[in-house]
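Results of the structural survey
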Amino acid sequence: MSTPIRRTSTRHAAVLTSAQQRREGSRTGSTSARSTEHALLAMQSRAGNRATTAAVQRARDTARDPARDTERDRAVENGGVSAGAKKNYRDRIAALLDRFKKNLEPIDTFIKGFQTPTNAAFTQQAAVSANEGLKHSTAASGTSAASGNLLTEAAGTVVSGMDAYKNMKDAKKHETGANHHTAKKRAKTKGADAVVGAANSGSYSAAIAKEVTKVQKAADAAVASEASGIASASIGAIKGMRSAFRVGGAARKYKEVKNLGDPHLVHAGSLARLNQSREQAGWAAAEAYVALDAYWAHDGPERLELVSEAIDAAWEAMGEARDAGESLQHAEKDVEKLSTVQGYAKKKQLTKMGKETVSGGGESTKAAAGIVTAVAAGTVGLASNPVGWGLAGAGAGLVLGVTMYKALRAATKRYEEVHHPERWAPKGETPAEAASRKESLKHALKFWKKVSKGERQAMAREIYALAAGPAISGSGRTTAEMRESARSLLIALKSGPAKHKLEPEAWVETLNDPAKTGDWIQEIAEQLASG
């Protein structure tokens, strides 16, 4: 694995050395500032290529499984591959590409957040100072950056396309219910991701062509730069519009959840009735004990019979008082749970609105930078307008900020998942043993892994327990009013009967089916995270 890295570094070193020799031949004496610029560009190119090569090797090593290779060889020897083996082979390819893409994402983030804006600044400086050597170096670094972006985007496009196809098949397989809706939604989202990824790949291809023409000092460099600017503006506008639609979806879901009202106020009447029943049962128990005392003081021949009946009545009254008190206590806890999950659902939508607004603003700013680049290339030269550089840097900064926020949040959740497993463990399940701080930090850095036992999954379980029927463990004592409110929350989260292609009665039956518990929890968790 070390040999390819040395070759890549040597090629880039040769390009930069050649550019430096031409500069020194045409101009006498170079400033220390320019040497620093070229050193930075060379360092960026080398770092990007090393990281990309390492990511490829990690993904390749992950895909190697001797046992599966042996199974595949046996199938080939038997004269063909079964349908199950083909499916397994497709799953392996999808897993490999997904792991490959996730290994490239940190590199892609570095390129978008640092290398590309830095190249734009140096390009601006080279255009102002008419420094041909610096132009050549920035073009070489820009080619490396765009190539890294293209590799990541192309891998993501293929993965999204395969996920969309798989979920389309799952949606057809499960014609109704939570599984159908989850698969259909994923297919729609991943399909859109694949389309946007394909368009973005075209934009990066245009960027590569632009930088290559600069390296070669081709006569049509201005045309390539203009085309790249138009492509960048178009994809930025598409992403900005998509973010705007997501913000709108999250806002509508937030409004629908908010319109459900505060559970403490909505269920104040039912809690008052339960409290009244508890008080009446308490008074009945007290009266039964008074009657029991009176019969104890009676001296007639029927005294024992009356005392026995009074004891039975007192015992029954005490049981009713106890049940009424437990029902009130359970209802109060359910109100608190419903209030908590509704607050969490609203918070998730507000967070999504904020992230999509900032991300969409960044993409729109980058689109404006592409327009400025295209105009500058067609009028005064190759992106020599400082406005283009400023917009590109601002847009990259906004997108980078959202990316870093998401990465930090995900790392924190992965850390808590293994360091505090009891925090979000399902009720009745023994939590796993807590990992040490060192092991938890290692797990937090595994950016390719998703959180499976976090707050969102715990909230999904709470919502399902409130909305499910009496056949589900832990849901038998939920009042009809509380269950109806929880089901209204499901409808607000776009998990109602219409979304599942079911009649209301059939939809309720799926909620009361223990075999569909896992599907429902997964569906609710998905809807909490989406707009």
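For every chain, the first residue of the written sequence is number 1, and numbering continues from 1 along that sequence. For a predicted model such as this one, the threshold for reporting local features is a pLDDT of at least 70, and the threshold for listing and counting side-chain atom pairs is 80 or more; totals across whole chains, interfaces and linings nevertheless cover every residue. Calculation of side-chain values draws on the structure's entire complement of heavy atoms; hydrogens and water are dropped beforehand.

**Side note on the overall build of the protein**
For the purposes of this entry, the term helix denotes a DSSP run of H or I that reaches at least four residues, the term strand denotes a run of E that reaches at least two, and both are numbered from the N terminus. The secondary structure content of the protein amounts to 16 helices and 0 strands. By the burial criterion, 38% of the 531 residues in the protein qualify as buried. For the protein, the proportion of contacts with a sequence separation of at least 24, taken over those separated by at least 6, is 79%. A 1.4 Å probe rolled over the protein chains alone gives each residue an accessible area, and that area as a share of the maximum for its type sets the label: buried under 20%, exposed over 50%, partly exposed in between. Whether two residues touch is decided by their heavy atoms; if any such pair falls within 4.5 Å, the residues are in contact.

**Comments concerning the side chain of threonine 182**
Positionally, threonine 182 belongs in helix α6 (residues 177-215). Discounting residues that sit within four places of it in the chain, threonine 182 has contacts with Glu523 and Glu526.

**What to know about a positive patch on the surface**
Patch membership requires more than 30% relative accessible area and the absence of a salt bridge. Residues of like charge join within 9 Å; the nonpolar side chains Val, Leu, Ile, Met, Phe, Trp and Tyr join within 5 Å. Only the protein chains shown count as covering a residue, and every accessible area follows the Shrake-Rupley method with a 1.4 Å probe. Any Lys or Arg side-chain nitrogen located within 4 Å of an Asp or Glu carboxyl oxygen qualifies as a salt bridge. Note that His is not counted, nor are the chain ends; the positive residues are Lys and Arg, and the negative ones are Asp and Glu. To locate a charge, take atom NZ for lysine, CZ for arginine, CG for aspartate or CD for glutamate. A cluster of basic residues, Lys184, Lys188, Lys499 and Lys501, forms a positive patch at the surface. Take lysine 499: it is sitting in the loop between α14 (480-492) and α15 (504-511).

**Overview of helix α16 (residues 517-529)**
Look at α16: 19 Å from first C-alpha to last across 13 residues, which is about the 18 Å you get at 1.5 Å a residue. For α16, every residue scored as buried is listed here: Thr517, Trp520, Ile521, Glu523, Ile524, Ala525, Gln527 and Leu528. How far a helix is expected to stretch is found by multiplying one less than its residue total by 1.5 Å.

**What to know about a negative patch on the surface**
Taken together, the side chains of Glu302, Glu305, Glu309, Asp312, Glu316, Glu320 and Asp323 present a region of like negative charge at the surface. Checked against the element boundaries, glutamate 316 lands in helix α10 (residues 303-379).

**Quick word on the packing of α14 against α15**
To obtain an axis, a line is fitted to C-alpha atoms, over the contacting stretch when the element is a helix, and the angle between two such axes runs from 0 to 180 degrees between their N-to-C directions. Axis separation between α14 and α15 bottoms out at 13 Å; the angle between their running directions is 105°. In this view, α14 runs roughly perpendicular relative to α15, as classed from their interaxial angle. Across the interface between the two elements, Arg487, Leu490 and Ile491 from α14 touch Trp507, Val508 and Leu511 from α15. Amino acids outside the nonpolar list (Ala, Val, Leu, Ile, Met, Phe, Trp, Tyr, Cys, Pro) and the charged list (Asp, Glu, Lys, Arg) are all regarded as polar, and Gly is one of them. Tallied by class, residues from the contact of α14 with α15 come to 5 nonpolar, no polar and 1 charged. Roughly parallel means an angle under 35 degrees; roughly antiparallel means over 145; roughly perpendicular covers 65 to 115; every other angle is labelled oblique.

**Topic: the packing of aromatic side chains**
Pairs were defined over the aromatic rings of Phe, Tyr and Trp, the Trp ring being its six-membered one, requiring ring centres within 6.5 Å. Orientation was assigned from the angle between planes: stacked under 30 degrees, edge-to-face over 60, tilted for the rest. The tally for this structure, following the rule as stated, stands at 1 aromatic pair. For the ring pair tryptophan 507 and tryptophan 520, a centre distance of 6.1 Å and an interplane angle of 70° mean the geometry is edge-to-face. Note that tryptophan 507 is positioned in helix α15 and tryptophan 520 in helix α16, a separation of 13 residues in sequence. Taken as a pair, tryptophan 507 and tryptophan 520 share a single burial class, namely buried.

**Concerning the confidence of the model for the protein**
Along the chain, pLDDT gives the predictor's confidence residue by residue, from 0 to 100. Chain-level statistics for the protein give a pLDDT mean of 77 and a share of 73% at 70 or above. Here residues 1-34 is modelled with pLDDT under 50, and outside its nearest four sequence neighbours on either side it reaches 28 contacts, counting other chains as well. In the predicted structure, residues 380-384 sits below a pLDDT of 50 and forms 14 contacts with residues beyond four places in sequence or in another chain.

**Details of the nonpolar core**
A general feature of soluble globular proteins is that nonpolar side chains tend to end up buried together. In plain words, nonpolar cores are sets of buried Ala, Val, Leu, Ile, Met, Phe, Trp, Tyr and Cys residues tied together by side-chain atoms within 4.5 Å. Counting residues in hydrophobic clusters, the biggest one holds 32 residues, and the most contacted among them are Ile463, Tyr464, Leu490, Trp520, Ile524 and Leu528. Listed by contribution, the elements that provide at least two residues to this core are α10, α13 (455-467), α14, α15 and α16. Residue contributions to this core peak at 7 residues, all from α10.

**Examining the packing of α13 against α16**
Packing of α13 against α16 brings their axes to within 8 Å, and their N-to-C directions diverge by 120°. With respect to their mutual orientation, α13 and α16 come out oblique. Note that α13 runs across α16; the crossing there is right-handed. Every residue of α16 that contacts α13 at Arg456, Gln457, Met459, Ala460, Arg461, Ile463 and Tyr464 is listed here: Thr517, Trp520, Ile521, Ile524, Ala525, Glu526, Leu528 and Ala529. Looking at side-chain class alone, the contact of α13 with α16 contains 10 nonpolar, 2 polar and 3 charged residues. Helix crossings fall into two classes, left-handed where the near helix is turned counterclockwise from the far one by less than a right angle and right-handed where it is turned clockwise.

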